[in-house]
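# Results of the structural survey
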Amino acid sequence: MSNLPADSEADQPGDARERMKQAAQRAHRSRSVRASARIGLLANGLVHALIGGIGLQIANGAAGEADQLGALSAIATRPGGLAVLWLSTVALWGLALWQGTNAAFSVAPNRRVLVFRRSLNVGKALGFALLGTVTFWVALGARAGGADSVRRADAAIVDSPIGLFLLLVVGSTVGIIGGGLVWRGVRRNFREELRHLWGPTKVIVLSLGIFGHTAKGVAFLVTGGLLVAAAVFADSRWVGGLDAGLRYLLTLQSGPILLNLVAAGLIAFGLYLVARAAFLRH
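Residues numbered from 1 in each chain as written. Predicted model: local features only at pLDDT ≥ 70, side-chain atom pairs only at ≥ 80, totals over all residues. Heavy atoms only, no water.

### Things to note about the overall build of the chain
When you go through the chain residue by residue, the secondary structure sums to 10 helices and 0 strands. Ordered by position in the sequence, the α and β elements of the chain form the string α-α-α-α-α-α-α-α-α-α. For the chain, the proportion of its 282 residues judged to be buried stands at 37%. Summing over all exposed atoms, the chain offers an accessible surface of approximately 15400 Å²; the carbon and sulfur share of this is 65%. (Helix = DSSP H or I, 4+ residues; strand = E, 2+ residues; numbered from the N terminus. Buried < 20%, exposed > 50% of the residue type's maximum accessible area, 1.4 Å probe, protein only. Areas by Shrake-Rupley, 256 points an atom, 1.4 Å probe, with all protein chains shown as cover.)

Written out as structure tokens, the structure is:
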């Protein structure tokens, strides 16, 4: 039998949660984690800017792969690109840690909003961790696969009931994220990230954020819609990532204009991330 008072035993779970929260806050404030977050934001900004640049090339008739893998592969072919990829890998994982531990600082008027804000931080952290993992594999030598192998993989997905279900889930998730990004851009809900900026600098960064979030959201909405369509109609031609979504814009009326706008918006989003890295405070 424990000699601890009953109220002391009852407090133990709360004490454990408080210790975890304090540990997360210490990690978030760590200079090394903050430095990794800053470099990670720069790396993420560079990737988005490159994707936008490749998108502009595609809109004007050039070849390229306008997604994260294509952008990272382009970096790998440049002098010193491998070192950049390894540094970016570590920095993006550090950014994921910084973003995830930021949940420990979340405050809200009620528990439902608090859970949403913390979940948002965790979701962003998982996204950064995934990008870091992709960067890691590219640094190890992975590249975009051959067209034949990609087509075979896509066909295998749509031939499987489980594959179709996963396509539906992934497509819906990507579409929801895209809608959230558009809402975040139009409503300027990202302004909390710019609370330390003032004057003309804040106006410029805010404008980049509005354009960038909205354009990235549109790209994700199109990509998610194609994945859902592929699942509904069991058509592997619509299976693809961001590159497929951007290329689909070319098939629409005024397609080159739309793709140029979205690609320019992705570059703006990249510049917004660079600005966040430069003025990172929290």
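### Topic: the pattern of salt bridges
One pass over the structure, following the stated rule, counts 4 salt bridges. In this structure, Arg276 and Glu193 form a salt bridge, with 3.6 Å as the shortest nitrogen-oxygen distance. Linking Arg276 in helix 10 (residues 255-278) with Glu193 in the loop between helix 7 (161-186) and helix 8 (199-233), this pair joins segments that are 83 residues apart in sequence. Judged by relative accessible area, which is 11%, Arg276 ranks as buried. (Salt bridge = Lys/Arg side-chain N within 4 Å of Asp/Glu carboxyl O.)

### Focus: helix 2 (residues 31-59)
Working note: α-helix, 3.6 residues per turn, so residues spaced by three or four point in the same direction. Its 29 residues place the ends of helix 2 42 Å apart at the C-alpha level, agreeing with the 42 Å of an ideal helix rising 1.5 Å per residue. Phi for Gly61, located one or two positions after helix 2, is positive at around 95 degrees. (Expected span 1.5 Å × (residues − 1).)

### A closer look at the nonpolar core
Ile51, Leu72, Leu85, Leu95, Leu194 and Leu246 are the most contacted members of the largest nonpolar core, which totals 43 residues. Elements that contribute at least two residues to this core include exactly helix 2, helix 3 (68-76), helix 4 (81-101), helix 5 (111-139), helix 8, helix 9 (242-249) and helix 10. In terms of residue count, the dominant contributor to this core is helix 2 (9 residues). Formed by 5 residues, the second largest nonpolar core is a distinct cluster that contains Leu167, Ala230, Ala231 and Val239. (Core = buried A, V, L, I, M, F, W, Y, C linked by side-chain atoms within 4.5 Å.)

### Remarks on the confidence of the model for the chain
A low pLDDT score tells you not to read the predicted coordinates there in detail. Across the chain, the average pLDDT comes to 81, with 84% of residues at or above 70. No element of the chain has a lower mean pLDDT than helix 6 (residues 147-158), which averages 54, and none a higher one than helix 10, which averages 93. In the predicted structure, residues 144-150 sits below a pLDDT of 50 and forms 4 contacts with residues beyond four places in sequence or in another chain. (pLDDT = per-residue confidence, 0-100. Contact = heavy atoms within 4.5 Å.)

### Side note on unusual backbone geometry
Even without being glycine, Arg188 reaches a positive phi, approximately 60 degrees. Tracing the backbone shows Arg188 in the loop between helix 7 and helix 8. Arg188 sits in the partly exposed class, given a relative accessible area of 35%. A positive phi angle is found at Ser254, which is not glycine, with a value near 60 degrees.

### Brief notes about the packing of aromatic side chains
Tallied over the entire structure, the rule returns 5 aromatic pairs. Ring centres 5.7 Å apart and planes at 75 degrees place the aromatic pair Trp86 and Phe136 in the edge-to-face group. With a gap of 50 residues between them, Trp86 in helix 4 and Phe136 in helix 5 connect regions that are remote in the sequence. A centroid spacing of 5.4 Å and a plane angle of 80 degrees characterise the contact between Phe190 and Tyr272, whose relative ring orientation is edge-to-face. Taken together, the residues span a long stretch of sequence, with Phe190 in the loop between helix 7 and helix 8 and Tyr272 in helix 10 at a distance of 82 residues. (Phe/Tyr/Trp six-rings, centres within 6.5 Å; stacked < 30°, edge-to-face > 60°.)

### Re the side chain of His48
Within the secondary structure, His48 is located in helix 2. Within the local environment of His48, its side chain forms a polar contact with the backbone oxygen of Asn44, the two atoms lying 2.9 Å apart. Beyond its immediate chain neighbours, meaning those up to four positions away, His48 contacts Lys216, Leu266, Ile267, Phe269, Gly270 and Leu273. (Polar contact = N/O pair within 3.5 Å; in protein donor to acceptor, adjacent residues only side chain to side chain.)

### Thoughts on the packing of helix 2 against helix 3
Between helix 2 and helix 3, the shortest axis-to-axis distance is 9 Å and the interhelical angle comes to 100 degrees. By the angle class used here, helix 2 and helix 3 are roughly perpendicular. On the side of helix 2, the interface is formed by Leu46, Val47, Leu50, Ile51 and Ile54, while helix 3 contributes Gln68, Gly70, Ala71, Leu72 and Ile75. Residues of the contact of helix 2 with helix 3, tallied by class, amount to 8 nonpolar, 2 polar and no charged. (Axes fitted to C-alpha atoms, helices over the stretch in contact; angles between N-to-C directions. Parallel < 35°, antiparallel > 145°, perpendicular 65-115°, else oblique. Nonpolar A, V, L, I, M, F, W, Y, C, P; charged D, E, K, R; others polar.)

### Some details on the environment of Leu250
Here Leu250 lies in the loop between helix 9 and helix 10. Given the relative accessible area of 30%, Leu250 is considered partly exposed. In this structure the C-alpha to C-alpha distance between Leu250 and Ala59, which are 191 residues apart in sequence, comes to 7.2 Å. Setting aside chain neighbours within four positions, we find Leu250 in contact with Ile58, Ala59, Gly255, Pro256 and Leu259.

### Thoughts on a nonpolar patch on the surface
Judged by side-chain polarity, Leu82, Trp86, Trp137 and Leu140 come together as a nonpolar surface patch covering roughly 430 Å² of accessible area. Within the element layout of this structure, Leu140 appears in the loop between helix 5 and helix 6. (Patch = residues over 30% accessible without salt bridge, like charges linked within 9 Å, V, L, I, M, F, W, Y side chains within 5 Å.)

### Focus on helix 5
A rise of 1.5 Å per residue sets the reference length of helix 5, with its 29 residues, at 42 Å; its end C-alpha atoms lie 42 Å apart and thus fit the reference within 8%. What helix 5 keeps buried is the set Leu114, Asn121, Ala125, Phe128, Leu131, Gly132, Thr135, Val138 and Ala139. Buried-residue contacts for helix 5 involve helix 2, helix 3 and helix 4.

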